[in-house]
Amino acid sequence: MSAVTTLAGMGDRAVLAADPLLRGDIDLGIVGIVVLKVVVAFALLLVSVMLMIWFERKLVADMHNRIGPAVAGPFGILQTLADGIKLFFKEDLIPDRSDRAVFKLAPYLSLVPAFLVFAIVPIGGDFSGDGTVTWFGERTYLQVADPPVGVLFFLALSSIAVYGVMLAGWSSGSKYPLLGSVRASAQMISYEAALGLAIATVFLTSGSLSTHDIVATQVEGNWNVLATGVVPFLVFLVAGTAELNRPPFDLVEAEQELVGGFHTEYSSLRFALFFLAEFMNVITMSAIAVTLFLGGPSGPILTDTLGWVWPILWFSVKVFAFLFGFVWLRATLPRFRYDQLMDLGWKVLIPLSLGWFLLIAAMRVADAEGWPVAPVVVVGLAGMTLGAVLLSGAVAKARAERLADLDATEGVDA
Amino acid sequence: MSDFLRSWLVLVVFGGLAVLLVSAFLGLGSLLRPSRDTPQKSINYESGVDPQGDMWAQSNIRYYVFALMFVLFDVEAVFIFPWATRLEVYDVFGLVEMAIFIFILALGLFYAWRKRLLRWV
């Protein structure tokens, strides 16, 4: 018995074991399927990034009452490709004062984690069954790999992506990139704490850190967004947007203050790689959000023939909704101020997600013990509200005292 | 190799291919692009004027405080995640223990708050 199935046997809930494709003996056909999945994942990511950049520009243009890209291809759909090819032919400049080795390493650190996250996302598979599809006579999951601690892997990679941004700015040996990168690292690690705590609530309902198992516990519309009471989902969305450095949290590359932020000194293809990584992260973050909270590819399978297409379709629709949302946010909201950003992360999102985590845990334990759930929830919510009121009262009082002190010392009338 | 490690092996191969792909992009670019370097091109960008002062500036201590707090919460996650997956096994005992743990942690956060470390001036 392998380690995974032993672990699965320990739990009281049915936890599915690893990808059936990789169980037992490995022959050439299985290696072929793995290679096929890897190639498909790469192609899918690159094509969807290309379309995403076009979609964002087109949609923002529409919301601004502009035309947007319209020349390259029908509806300008090949604009991204044209831009990419152009950047291949641009001269690559490395500043004199830069740390050359780190300067060249940084795009790798940014882009490779962006690729890797997509590997753990289940993009299809019939989850009313065991979530597998049959390809060439072999049962397999529609994800490149299903490590037993998949979500932890995602969190680890988003931490590594911080290095990409931080080292890019630092190694440029220039002021604006350095400022952009220290901002970026402080922002990304602050929101990563909130992100991790929001995800912890999902583990309470799924009982597993594997992305496949998390989707498998959300079948038949029993999505985590409701099972965890919406709040962790909202925290995840806000923290995820901040983690992506997307508007309204794009202080990392606030053009009016920092020129281009951490990639000011980058040109040519290296700049394109940062851009690619940024949009790839938007897509993978949407895919992770769908996996954790919206049931991944689960949805009704309406036809028997070509039944495996439906889950992929549902997954795409859900991811697309997120992508639309990200673009909409960009077109709508003005940028946060840095102190507001930090306040939101540390003083709102982290206490809120900690409290909510305990509330959901208490609710589930009460449910398992056979206690009435409603009083537990009411008491928990009352406690959280009381805490929030006390806290905001204390903050307001401290603020009033501080302002009074200021008035006294500066001699301004209150 | 055990079944347990096979999915990680696939991920390692996937990551290796990603590195190769990025290298291939950069290699192709270096074949295609011109290289007519002049000293002016290698000067740092500072909105068009000549760069002033030392580029390797020191950054503010505030950033490190946040980094330290992040480590605190990340280590906390290491304890919370395994417990969260086995919630029903540890039952009421586990819940009370976790409540105490999170309470102490929240105290730390509020202490930093009270000491005005979270204020960004």
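All values derive from a computational prediction rather than experimental measurement. (Residues numbered from 1 in each chain as written. Chains lettered and ligands numbered in written order. Predicted model: local features only at pLDDT ≥ 70, side-chain atom pairs only at ≥ 80, totals over all residues.)

### Brief notes about the overall build of chain B
No. 1: Per the secondary structure count, chain B includes three helices and zero strands.
No. 2: When the helices and strands of chain B are read in sequence order from the N terminus, they spell out α-α-α.
No. 3: Split into buried and exposed, the 121 residues of chain B put 16% on the buried side. (Helix = DSSP H or I, 4+ residues; strand = E, 2+ residues; numbered from the N terminus. Buried ≥ 20, exposed ≤ 12 C-beta atoms within 10 Å, placed from the backbone.)

### A closer look at the interface of chain B and chain A
No. 1: With 60 residues of chain B at the interface, the matching set in chain A holds 70 residues.
No. 2: Elements that contribute at least two residues to the side of chain B that touches chain A include exactly helix H1 (3–32), helix H2 (62–85) and helix H3 (87–114) of chain B.
No. 3: Considering each element in turn, the side of chain B that touches chain A owes the most residues, 19 residues, to H1(B).
No. 4: Considering only residue class, the side of chain B that touches chain A consists of 41 nonpolar, 10 polar and nine charged. (Contact = placed C-beta atoms within 7 Å. Nonpolar A, V, L, I, M, F, W, Y, C, P; charged D, E, K, R; others polar.)

### Quick look at the environment of Phe81(B)
No. 1: Position of Phe81(B) among the secondary structure elements: in helix H2.
No. 2: The partly exposed category is assigned to Phe81(B), around which 18 C-beta atoms lie within 10 Å.
No. 3: The contact partners of Phe81(B), leaving out residues within four places of it in the chain, are Leu152(A), Ala200(A), Phe203(A) and Leu209(A).

### Things to note about H2(B)
No. 1: Its 24 residues place the ends of H2(B) 35 Å apart at the C-alpha level, agreeing with the 34 Å of an ideal helix rising 1.5 Å per residue.
No. 2: Buried within H2(B) are the following residues: Phe66(B), Met69(B), Phe70(B), Phe73(B), Glu76(B), Ile80(B), Ala84(B) and Thr85(B).
No. 3: At its buried positions, H2(B) is contacted by helix H6 (175–206) of chain A together with H3 of chain B. (Expected span 1.5 Å × (residues − 1).)

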